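These are the residues of each chain, in order.
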Amino acid sequence: MFIDLKNAKKQYGEGEAAIYALDGADLSVEEGKIYVILGPSGSGKSTLLNMIGGLDSLDSGSLSVEGRNIGKAGKKELTEYRRGLVGFVFQFYNLIPDLTVQENIEVVSDISDSPLDIEEVLEALNIEKYRRRFPKELSGGQQQRVAIARALIKNPKLLLCDELTGALDTKSSRQVLEFVEKVNKQFGTTIIIITHNEAIAAMADHIIRIKDGKIASDDENQDKISARQLEL
Ligand SMILES: Nc1ncnc2c1ncn2[C@@H]1O[C@H](COP(=O)(O)OP(=O)(O)O)[C@@H](O)[C@H]1O
Ligand SMILES: [Mg+2]
């Protein structure tokens with residue numbers, strides 16, 4: 001398995017106030033597939049994605065990615081893992097305010113071993129004309145597309161997207177999802193998308209539901225359709 005997460009636990013707070021964001025979650029992810037994770041607010045979706053992305057560490061349980069023991073990795077090893085393997089699209093974009101769109105993307109491509117062509121990525125996400133603007137001069141949807149460009153430019157093996165289309169209208173959502181699908185096909189990128197939108201699950205190879213920090217269901221999608229056909 002590309003990703004193996006076993007009995008993952010993560011607690012926030014202590015004693016009476018303790019919250020189990022992950023409460024014994026098990027998940028296996030096959031390389032090159034698209035996974036969609038659905039679940040109510042507060043169910044542990046972001047926590048799960050942050051663990052897989054090496055942004056935070058588990059209290060207990062195990063996590064391996066490509067045979068690497070990420071669950072037990074030290075700070076330096078985690079940084080290297082994130083830099084080399086993971087593209088992350090955050091729920092709140094996390095763009096650098098003092099850099100233009102193009103510079104925000106170049107920060108990542110400059111330190112990547114095999115980055116994609118920036119012109120191709122700008123064009124695919126339909127943001128070429130904003131390349132010299134700063135994040136605050138863009139709408140939420142436009143910023144989201146820049147965040148996706150920044151995650152994709154390094155051509156990561158693993159692309160993690162938290163609430164990928166949460167801030168986008170239907171047309172931009174479809175555009176972004178079509179691009180993500182294209183990246184998956186073209187590069188065999190393993191993609192995990194967190195969403196509130198049930199309709200997006202139809203384009204996944206696997207549909208995961210999470211509830212109260214546990215995986216409630218994990219199904220292979222027998223009726224996969226393309227992003228273009230989604231009823232968003
Ligand atoms: N840094 C944190 N400190 C305290 N509680 C947190 C923190 N991050 C998440 N939580 C709590 O853990 C639970 C799961 O959160 P999260 O993974 O963000 O859920 P989701 O992404 O599904 O909405 C929630 O109850 C949330 O309030
Ligand atoms: Mg979340």
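Refer to the structure above for everything that follows.
Before going into details, it helps to say that this report is about the structure given with it.

1. What about the packing of aromatic side chains?
Phase 1: Evaluation of the coordinates by the stated rule reveals one aromatic pair.
Phase 2: Ring centres of Phe88 and Phe90 lie 4.5 Å apart, and the angle between their planes is 20°; on these two criteria the pair is classed as stacked.

2. Brief notes about the sheet that holds strand S3 (residues 34–38)
Phase 1: Spatial ordering of the open sheet is given by S6-S7-S8-S3-S9-S10, a layout of six strands whose pairing is mixed. For this open sheet the edge positions go to strand S6 (86–89) and strand S10 (214–220), each flanked by a neighbour on one side alone. Across the sheet, the axes of successive neighbouring strands diverge by a mean angle of 15°, strand direction being ignored.
Phase 2: Note that strand S9 (residues 206–211) and S10 share six bridges and pair antiparallel. Bridge pairing in S10 places Ile210 opposite Ile215.
Phase 3: The strands touched by helix H1 (residues 45–52) within the sheet are S3, S6, strand S7 (158–161), strand S8 (190–195) and S9, with S8 carrying the most contacts at an inclination of about 160°.

3. Description of the environment of Val183
Phase 1: With respect to the helices and strands, Val183 occurs in helix H6 (residues 170–187).
Phase 2: Taking relative accessible area as the criterion, Val183 reaches 4% and is therefore assigned buried.
Phase 3: Contacts of Val183, omitting those with residues within four sequence positions, involve Leu152, Gly188 and Thr189.

4. Observations concerning the pairing of S8
Phase 1: A large share of S8 lies buried, amounting to six of its six residues.
Phase 2: Side chains Thr190, Ile192 and Ile194 of S8 all project onto a buried face; the interleaved residues Ile191, Ile193 and Thr195 project onto the opposite face, where all are buried too.
Phase 3: Examined bridge by bridge, S3 and S8 share five bridges and lie parallel to one another. Residue pairing in the sheet places Ile37 in a bridge with Ile194 of S8.
Phase 4: Sheet analysis places S7 next to S8, joined by four bridges and oriented parallel. Bridging across to S8, Leu160 finds its partner in Ile192.
Phase 5: Following the chain from S7 across H6 to the adjacent parallel S8, one finds a crossover that is right-handed.

Rules used in this analysis
- Residues numbered from 1 in each chain as written.
- Chains lettered and ligands numbered in written order.
- Predicted model: local features only at pLDDT ≥ 70, side-chain atom pairs only at ≥ 80, totals over all residues.
- Heavy atoms only, no water.
- Phe/Tyr/Trp six-rings, centres within 6.5 Å; stacked < 30°, edge-to-face > 60°.
- Pairing = 2+ DSSP bridges.
- Helix = DSSP H or I, 4+ residues; strand = E, 2+ residues; numbered from the N terminus.
- Axes fitted to C-alpha atoms, helices over the stretch in contact; angles between N-to-C directions.
- Contact = heavy atoms within 4.5 Å.
- Buried < 20%, exposed > 50% of the residue type's maximum accessible area, 1.4 Å probe, protein only.
- Right-handed = clockwise from strand over helix to strand, strands pointing away.

No statement about biological role is implied by the geometric values presented.
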